[in-house]
Amino acid sequence: MKSQLDREIVEKLRESSNLEFAETVNQTVYNLVSAIVEDISKRSPFVKPEMCILQPVNEICTGAFSQLSEYVYFLGVDNINLEANSKRSKNFWKNLWREFKASFRLGRKKYKREKEPSTPILEIDKYSINNFKHDILLRSTQFLSPSSIITEYANCVTFIGNNDFGTNVLIKIYVCCYDHKTNTFKYPLPNKNKFLPLSFGQRFENLSLKGEKHGKHFVDILKVFNSIYSKNYNSLPNQILLESLIWGTPDVLFDKKNFYKTFINVANYIRLASPSSFASICDSSKNIFQEPLIIKATKQVDFGRIVNMLDRFKY
């Protein structure tokens, strides 16, 4: 039996979140990171504030957050030396030759292991993206209250603090390299000794243009979809996928005077349209199943979940 999703419920979901609170948290994060990077730049030869960028990457960038939303950012630093230092050098041929000499004992001279010098040689590690991430952890303690919890993971730093950010707020900052010329983040993969390039393409421009056409309705549609999805699956959908679906809905289906009618039109269009007809909001030349930021996040199943979620209700 299908549940009724009437006008009153949709309108309540639309007004259920406090946008002013989200903007305050967002500004707090920007001020915190700016102060941290400024402090690090005085101690590191490779970090300049003007060469760093902090980019919100999930629903926070549109304001379509729900009760399960986290504040997720990419912090990119543009420096070729920092990027090079973050990769481990592999002396494959040198190691192979050493093993060859040890195994076959060239000539009659026995292979002798080089004696370690009596005086130890101190080696200074090169400043890498991992050192930058660790510095963020150390410097942030100067700007946050003692009650805040700061945790360093493989590729990110997380912050939790009621006094500094608010109740039930989790902030994740992923530290990456960045290329200003191509607007590409380079996400470090330490186990594979390489970087994964991530480009948002025309995403933010397309979001802005759609918002200018339909005003607050566009963001409110995203917000309602996120709220319904989170209540059904206790998680949030891939935002690039969801944004692509709403962005790909024809403009004629948006009614500026009637939000509930707009929601019904968008929901029915997503349910009935061919999945391959939806272009990626990042690159309109690709459909949603060709978009790397959806495929790499293993979120292809989200499209089926969204359609199934909409099928559960009657309007």
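In this text the structure is predicted, and so the values were computed from the model without any measurement.

## Looking at empty space enclosed by the protein
(1) Moving on: Counted by the stated rule, this structure contains one cavity of 30 Å³ or more.
(2) Moving on: Approximately 30 Å³ is the volume attributed to the largest cavity.
(3) Moving on: For the largest cavity, the full set of lining residues is Val 33, Ile 36, Leu 75, Ile 136, Phe 159 and Ile 173.
(4) Moving on: When the residues that make up the lining of the largest cavity are grouped by side-chain class, the tally is six nonpolar, no polar and no charged.

## Let's talk about the layout of surface pockets
In this approach the atoms are scanned with a rolling probe the size of a water molecule, which exposes any empty space left behind.
(1) Moving on: Roughly 340 Å³ of internal volume is contained in the second largest pocket.
(2) Moving on: Lining the second largest pocket we find 17 residues, and of these Ser 17, Phe 65, Ser 66, Gln 67 and Ser 69 sit closest to its centre.
(3) Moving on: Grouping the amino acids of the lining of the second largest pocket by side-chain chemistry returns six nonpolar, ten polar and one charged.

## A few points about the packing of aromatic side chains
Each aromatic ring pair is described using two quantities: the centre-to-centre distance and the angle formed by the ring planes.
(1) Moving on: Taken as a whole and assessed by the stated rule, the structure comprises 15 aromatic pairs.
(2) Moving on: Ring geometry for Phe 185 versus Phe 200: centroids 6.2 Å apart, planes at 75 degrees, classification edge-to-face. Here the residue Phe 185 occupies a position in strand S7 (residues 184-189), and Phe 200 occupies one in the loop between strand S8 (194-199) and helix H6 (203-214), the gap between them amounting to 15 residues.
(3) Moving on: Judged by relative accessible area, Phe 185 falls into the buried class, the value being 3%.
(4) Moving on: With centroids separated by 4.7 Å and ring planes inclined at 50 degrees, the aromatic side chains of Tyr 229 and Tyr 233 adopt a geometry described as tilted. Here Tyr 229 and its partner Tyr 233 are both found in helix H7 (residues 216-233), four residues apart, which amounts to about one turn of the helix. Summarising the burial analysis for this pair, Tyr 229 and Tyr 233 share the class buried.

## Comments concerning helix H2 (residues 19-41)
(1) Moving on: End to end, H2 covers 33 Å across 23 residues, agreeing with the expected 33 Å (1.5 Å per residue, within 8%).
(2) Moving on: Of the residues making up H2, those classed as buried are Ala 22, Val 25, Asn 26, Val 29, Leu 32, Val 33, Ile 36, Val 37, Asp 39, Ile 40 and Ser 41.
(3) Moving on: Buried residues in H2 make contact with strand S2 (52-56), strand S3 (71-77), helix H5 (129-140), strand S5 (156-160) and strand S6 (170-179).

## Focus: the environment of Cys 176
(1) Moving on: The topology assignment puts Cys 176 in strand S6.
(2) Moving on: Given the relative accessible area of 0%, Cys 176 is considered buried.
(3) Moving on: Put simply, Cys 176 and Leu 198 are 22 residues apart on the chain and 10.0 Å apart in space, counted from C-alpha to C-alpha.
(4) Moving on: When neighbours within four sequence positions are excluded, Cys 176 is seen to be in contact with Phe 74, Leu 75, Gly 76, Val 77, Ile 129, Phe 185, Lys 186, Tyr 187 and Pro 188.

## Focus: the side chain of Ser 69
(1) Moving on: The topology assignment puts Ser 69 in the loop between S2 and S3.
(2) Moving on: Reaching out from Ser 69, the side chain makes a polar contact with the side chain of Glu 59 at a distance of 2.8 Å.
(3) Moving on: Aside from chain neighbours lying at most four places away, what touches Ser 69 is Glu 59 and Leu 236.

## Observations regarding the pattern of salt bridges
(1) Moving on: All told, the structure shown has 16 salt bridges when counted by the stated rule.
(2) Moving on: Between Glu 243 and Arg 203 there is a salt bridge, with the nearest N and O atoms lying 2.8 Å from each other. Here Glu 243 is found in helix H8 (residues 239-247), whereas its partner Arg 203 is found in helix H6, with 40 residues between them in sequence.
(3) Moving on: Across the salt bridge formed by Lys 223 and Asp 220, the nearest N and O atoms sit 3.8 Å from each other. You can see Lys 223 and its partner Asp 220 sitting in helix H7, three residues apart, about one turn around the helix.
(4) Moving on: Here the salt bridges share partners, and the residues they tie into one network are Glu 11, Arg 14, Glu 15, Lys 216, Asp 220 and Lys 223.

## Describing the pairing of S6
(1) Moving on: Across the ten residues that make up S6, a large majority, seven, are buried.
(2) Moving on: Two strands pair when backbone bridges link them, and S3 and S6 are joined in this way by seven bridges, in the parallel orientation. Paired with Leu 75 across the strands is Val 175, a residue of S6.
(3) Moving on: Here S6 pairs with S7 via three bridges, running antiparallel. Residue pairing across strands places Tyr 178 opposite Phe 185, the latter belonging to S7.
(4) Moving on: The turn joining S6 and S7, which pair antiparallel and follow one another in sequence, is formed by four residues; a positive phi near 55 degrees is taken by Asn 183.

## Brief notes about the environment of Phe 263
(1) Moving on: In this structure, Phe 263 sits in helix H9 (residues 259-272).
(2) Moving on: The spacing of Phe 263 and Ile 221 is 42 residues in sequence and 6.5 Å in space, taken between C-alpha atoms.

Rules of the game
Residues numbered from 1 in each chain as written. Predicted model: local features only at pLDDT ≥ 70, side-chain atom pairs only at ≥ 80, totals over all residues. Heavy atoms only, no water. 1 Å grid on protein atoms, 1.4 Å probe; cavity = no way out; pocket = protein on both sides within 12 Å on 5 of 7 lines; lining within 4 Å. Points joined across faces, edges and corners; volume = space filled by probe spheres on them. Nonpolar A, V, L, I, M, F, W, Y, C, P; charged D, E, K, R; others polar. Phe/Tyr/Trp six-rings, centres within 6.5 Å; stacked < 30°, edge-to-face > 60°. Helix = DSSP H or I, 4+ residues; strand = E, 2+ residues; numbered from the N terminus. Buried < 20%, exposed > 50% of the residue type's maximum accessible area, 1.4 Å probe, protein only. Expected span 1.5 Å × (residues − 1). Contact = heavy atoms within 4.5 Å. Polar contact = N/O pair within 3.5 Å; in protein donor to acceptor, adjacent residues only side chain to side chain. Salt bridge = Lys/Arg side-chain N within 4 Å of Asp/Glu carboxyl O. Pairing = 2+ DSSP bridges.

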